[in-house]
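For reference, the chains in residue letters:
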Amino acid sequence: MKLNSHYLDLKDSYLFSTVARKVREFQAANPGKKVYKLSIGDVTLPLAKAVIDAMHLAVEDMAKKETFKGYGPELGYDFLREEIKKYYSRRNVELDIDEIIVSDGAKSDLGNLLDIMDADNKVLIPDPVYPAYVDCNIMAGRKIDTCSGNEQNGFKPMPNENYKSDIIYICSPNNPTGAVYTKDELKAWVDYANKNNALILFDAAYEAFIVDKALPRSIFEIEGARTCAIEICSFSKTAGFTGTRCGYSIVPKQLVFGGISANALWNRRQSTKFNGTPYIIQKAAAAVFSEEGEKQIQANLQYYRDNAKIIKEAFEKKGVYHVGGDNSPYIWFKVPNNMTSWEFFDKLLLEKNVVGTPGSGFGENGEGFFRLTAFGDRDDTIEAVKRIVELL
Ligand code: PLP
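Because the structure is predicted, anything quoted here is derived from the model rather than measured. (Residues numbered from 1 in each chain as written. Predicted model: local features only at pLDDT ≥ 70, side-chain atom pairs only at ≥ 80, totals over all residues. Heavy atoms only, no water.)

Engineer: How should I be thinking about helix α3 (residues 78–89) in this particular structure?
Structural biologist: End to end, α3 covers 16 Å across twelve residues, agreeing with the expected 16 Å (1.5 Å per residue, within 8%). Listing the buried residues of α3 in full gives Leu80, Arg81, Ile84, Tyr87 and Tyr88. Looking down the long axis of α3, one finds its buried residues gathered within 115° of arc, a one-sided arrangement. In this structure, the buried side of α3 is in contact with β2 (100–103), β7 (229–234), β8 (247–250) and α9 (279–287). (Helix = DSSP H or I, 4+ residues; strand = E, 2+ residues; numbered from the N terminus. Expected span 1.5 Å × (residues − 1). Buried < 20%, exposed > 50% of the residue type's maximum accessible area, 1.4 Å probe, protein only. Arc of directions from axis to C-beta. Contact = heavy atoms within 4.5 Å.)

Engineer: Would you mind going over empty space enclosed by the protein with me for this structure?
Structural biologist: Unoccupied space between atoms shows up once a probe the size of one water molecule is rolled over them. Tallied over the full model, the rule gives three cavities of 30 Å³ or more. In this structure, the largest cavity spans a volume of roughly 80 Å³. What lines the largest cavity is simply Pro126, Asp127, Pro128, Gly149, Phe155, Lys156, Pro157, Cys171, Asn174, Thr177, Ala179 and Tyr181. Among the residues making up the lining of the largest cavity, the classes are represented as seven nonpolar, three polar and two charged. Of the voids in this model, the second largest cavity is the one considered here, and its volume is about 50 Å³. In this structure, the second largest cavity is lined by Val43, Leu45, Pro46, Leu47, Lys237, Thr238, Ala239, Gly240, Asn300, Leu301 and Tyr304. When grouped by side-chain class, the residues that make up the lining of the second largest cavity number seven nonpolar, three polar and one charged. (1 Å grid on protein atoms, 1.4 Å probe; cavity = no way out; pocket = protein on both sides within 12 Å on 5 of 7 lines; lining within 4 Å. Points joined across faces, edges and corners; volume = space filled by probe spheres on them. Nonpolar A, V, L, I, M, F, W, Y, C, P; charged D, E, K, R; others polar.)

Engineer: I tried to follow the packing of α3 against α9 on my own but got confused; where do I start?
Structural biologist: Closest axis-to-axis distance for the α3/α9 pair is 9 Å, and the angle between their directions is 25°. By the criterion of interaxial angle, the relationship of α3 to α9 is roughly parallel. Crossing of α3 against α9: the hand is left-handed. Contacts between α3 and α9 involve Phe79, Leu80 and Glu83 from the former and Tyr279, Gln282, Lys283, Ala285 and Ala286 from the latter. Looking at side-chain class alone, the contact of α3 with α9 contains five nonpolar, one polar and two charged residues. (Axes fitted to C-alpha atoms, helices over the stretch in contact; angles between N-to-C directions. Parallel < 35°, antiparallel > 145°, perpendicular 65-115°, else oblique. Left-handed = near helix turned anticlockwise from the far one by under 90°.)

Engineer: Got a minute to help me understand helix α10 (residues 291–318) in this structure?
Structural biologist: An α-helical turn contains 3.6 residues, so any two residues separated by three or four positions project in the same direction. With 28 residues, α10 should cover 40 Å at 1.5 Å per step; its first-to-last C-alpha distance of 40 Å lies within 8% of that length. What α10 keeps buried is the set Gly293, Ile297, Leu301, Tyr304, Arg305, Asn307, Ala308, Ile311, Lys312, Ala314 and Phe315. Looking one or two residues beyond α10, the residue adopting positive phi is Gly319, at roughly 70°.

Engineer: Any chance you could explain the environment of Lys334 here in plain terms?
Structural biologist: For Lys334, the location among the structural elements is in strand β12 (residues 330–334). Here the alpha-carbon distance between Lys334 and Ala284, two residues 50 residues apart in the chain, equals 40 Å. Side-chain polar atoms of Lys334 contact the side chain of Glu151, separated by 2.9 Å. (Polar contact = N/O pair within 3.5 Å; in protein donor to acceptor, adjacent residues only side chain to side chain.)

Here's what the structure looks like:
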């Protein structure tokens, strides 16, 4: 018997635990002092009324013999998949319902999709990045190359013929930087992937934050993507489902490698290892697309967008290098005076009682940068920004 020793190659993730410990220690030393948190990557507004109403009705369905639901279809109920199909169609992306596979969230899909990929595939992951991409591949023992996000490329790494990778991760709008690829930039990645027989895993978890109509919210808005990309999306940030759990992946039927259909494999994988997202949750998710649901969700998103605008404008006024905030809930900025990310974290907490997330926690290229999020309370955001600016 051998356990998977690749797990021993994982680095301990100290980022959020260290942030939490430092805040705890500060509060113990300064009882009663308010700490302003712009570090949280989780939503804070409650679910929309239309979502809650749908959930209540679904609970009632479960209470009656005639409407009770047991196991559902592993790949998702058609009532939800049809709504997702229409959601894409409104953006001129035409999907077949069989290409939409519902899950309990993007994080599960990002990890589980690797089940259908050969262990020998080489992986290309941007740095800085959402840490789960790296860890999932380390667990599988894959070789990882990184492509650098930096000030020169606006934290949007572009393809390079020196890369020899089979699986490419792209997250746009990006966590942690908030950078968003343009259509031309994504087209360059799609062309690169098609030419090099590579697969793009496109994480669209923050697509709902995009307001600029010229920016792509789905990789399938790009010509050629159906033969080289899987899109992973989620209701978490779109509709506040972080604790409710629902997401989906789009696996096109034209996605074929070595004569094998990725859609068929993912269908088989999910049917074998997953018994479906709960009926009540899928009903709640479908309500996101109702007229009322959409209006209420947009109101919540606007609250976060306005927070982002407040943060972004402060950096603009100060002339501090930053990205994100226009079409994303994250603002990523360069810390002053060549401080490290953690030095700035400590200074901000001790002197101004504000918490953010050190960029170095998202990869080597994040050193010297800092992430703020727009998911907080409005008044706290305004006060925190005022305090941060005093340190710049
Ligand atoms: N992808 C990115 C880039 C994220 O930042 C997150 C969560 O913060 C997720 C995926 C996970 O989403 P979900 O809640 O659907 O698992």
